[in-house]
Amino acid sequence: MRKSKRKTRKKQHPRWLYPVLFGILTVLVAILIWPSDSQYDVNKDIQSDVPVYEDIQVAPSQVDVDEPKVIPAPMVTTRSTPSSTKPVEQRVYQYDALRTHGIALVIDDVGYDLPALRRVLALSIPVAISIIPDTPHAKEAAEMAHKAGQIVMLHMPMEPENPHYRERMDDSFLRGDMSEDTVKKMLLHGLGKVPYVRGMNNHMGSFLTSMPEPMAWVMQFCRDHQLFFVDSKTSPKSVASDIAASFGLTWGSRRIFLDNSVKEDDIKQAWLSAERCAKRQGGCIVIGHPHPETLNFLEQQMTHVKPKMMRVVTDLLHVPQG
Ligand SMILES: [Zn+2]
């Protein structure tokens, strides 16, 4: 009698009840531990104005907070070409917690205008000079920057997403439909055009930097040539930083574009954002361009800015440990 009674009682709880309860519990726990927006205040400072040079597609809320942490290597499965379908290596690197503060300025799109570069170098602050390889004065610009004691970077053109910028693409751009061999040959060509290169960042690239496989080839190349990588972060979908980390590179990510808009007030606001961002652990990588307006601003600013705020870009990069 008792046995049959117990059986009847058990049947009162339908089987679907437990998975449903488990599901509800999981959702509640996820809501409780999910970080609130208030932890990402600095992102309010990232501009979303219409860009002047770069195909920037960064929505303020989507910019990552790249605190150093253990970063798992991503698998490359989204696209394959006959030349390579192998996954990115699966080693996991530990990154040092950055304790440095300050602003590291990178000037992009160098190689066209040497008088503008002279003005940048005359600022006498640490500034990384990022040179587009197939520009008329790439070599000379690199020599000038190196002689002035500044870091030289390769500003590698990469395929943008915005149709307006896609129209401007020439043969110097890395494109998403290229093979591994072609990508690496073009990078090598770039290095041949720009001497003294210590690191690389992307020129445009909102399309290509969202593609894990070509980004893996780029990072392999950087590792083979002992270059650091700075993600210009022209797209919130960029995987460049993650893949650079998975390859054990020294890497960083752009936080502020100084001159998305070259109106004086907008540049001022961008600089104020950079100053706020600079107080955070890890500091703030700022990208500007050799526009006359940007140079006017920097010349004024650097006469009364606390120079101690300015850092060499390599001081603000994540460095793999061990
Ligand atoms: Zn650029």
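Residues numbered from 1 in each chain as written. Predicted model: local features only at pLDDT ≥ 70, side-chain atom pairs only at ≥ 80, totals over all residues.

1. Quick word on the pairing of strand β3 (residues 127-131)
- In terms of burial, β3 is a largely internal element, five of the five residues being buried.
- Neither face of β3 is exposed, since Val127, Ile129 and Ile131 on one face and Ala128 and Ser130 on the opposite face are all buried.
- As paired strands, strand β2 (residues 103-110) and β3 are joined by four bridges and run parallel to one another. Bridging from a neighbouring strand, Val106 pairs with Ala128 of β3.
- Between the parallel elements β2 and β3, the chain passes through helix α3 (residues 114-121) in a crossover that is right-handed.
- Of the crossover connections in this fold, the one passing from β3 over helix α4 (residues 138-147) to the parallel strand β4 (residues 152-158) is right-handed. (Buried ≥ 20, exposed ≤ 12 C-beta atoms within 10 Å, placed from the backbone. Helix = DSSP H or I, 4+ residues; strand = E, 2+ residues; numbered from the N terminus. Pairing = 2+ DSSP bridges. Right-handed = clockwise from strand over helix to strand, strands pointing away.)

2. Topic: the packing of helix α9 (residues 264-278) against helix α10 (residues 292-304)
- Two elements in contact, α9 and α10, have axes whose closest approach is 10 Å; the angle formed by their N-to-C orientations is 55°. If you check the angle between α9 and α10, you find them oblique. For the element pair α9 and α10, the recorded crossing hand is right-handed. Two secondary-structure elements touch here, α9 through Glu264, Ile267 and Trp271 and α10 through Glu293, Thr294, Phe297 and Gln301.
- Residues of the contact of α9 with α10, tallied by class, amount to three nonpolar, two polar and two charged. (Axes fitted to C-alpha atoms, helices over the stretch in contact; angles between N-to-C directions. Parallel < 35°, antiparallel > 145°, perpendicular 65-115°, else oblique. Left-handed = near helix turned anticlockwise from the far one by under 90°. Contact = placed C-beta atoms within 7 Å. Nonpolar A, V, L, I, M, F, W, Y, C, P; charged D, E, K, R; others polar.)

3. Description of the packing of helix α6 (residues 180-193) against helix α7 (residues 212-224)
- With their axes 10 Å apart at the nearest point, α6 and α7 run at an angle of 40° to one another. Classed by the angle they form, the pair α6 and α7 counts as oblique. Crossing hand, α6 versus α7: right-handed. Touching Glu180, Val183, Lys184 and Leu187 of α6 are Pro214, Trp217, Val218 and Phe221, all from α7.
- Across the contact of α6 with α7, the residue classes tally to six nonpolar, no polar and two charged.

4. Some thoughts on the confidence of the model for the protein
- Summing up the model confidence of the protein, the mean pLDDT is 81 and the portion of residues at 70 or higher is 73%.
- Every residue in residues 31-53 scores below 50 in pLDDT, and together they form 33 contacts with partners more than four places removed in sequence or on other chains.
- For residues 57-85, every residue scores under 50 in pLDDT, and the model assigns this stretch 71 contacts once sequence neighbours within four places are set aside. (pLDDT = per-residue confidence, 0-100.)

5. A look at the environment of Pro115
- When you line up the elements, Pro115 lands in helix α3.
- A residue is classified by how many C-beta atoms lie within 10 Å of it, and Pro115, with 8 of them, is exposed.
- Taking the C-alpha atoms as reference points, Pro115 and Pro290, separated by 175 residues in sequence, lie 9.7 Å from one another.

6. What about the pairing of strand β5 (residues 197-204)?
- Within β5, seven of the eight residues are buried, which leaves it mostly tucked inside the rest of the structure.
- Two strands pair when backbone bridges link them, and β4 and β5 are joined in this way by seven bridges, in the parallel orientation. Bridge pairing links His155 to Asn201 in β5.
- In the sheet, β5 pairs with strand β6 (residues 228-231) via three bridges, with the strands oriented parallel. Looking across to β6, one finds that Asn201 is bridged to Val230.
- Viewed along the sheet, the connection from β5 through α7 into β6 turns out right-handed.

7. Some points on α4
- Taken residue by residue, α4 has Ala138, Ala141, Ala142 and Ala145 as its buried positions. Summarising the axial view, the buried residues of α4 lie within an arc of 100°, below the 170-degree limit, and thus occupy one face.
- Its buried side turned inward, α4 meets β2, α3, β3, β4 and α6.
- Gly149 sits one or two positions beyond α4 and adopts a positive phi of about 80°. (Arc of directions from axis to C-beta.)

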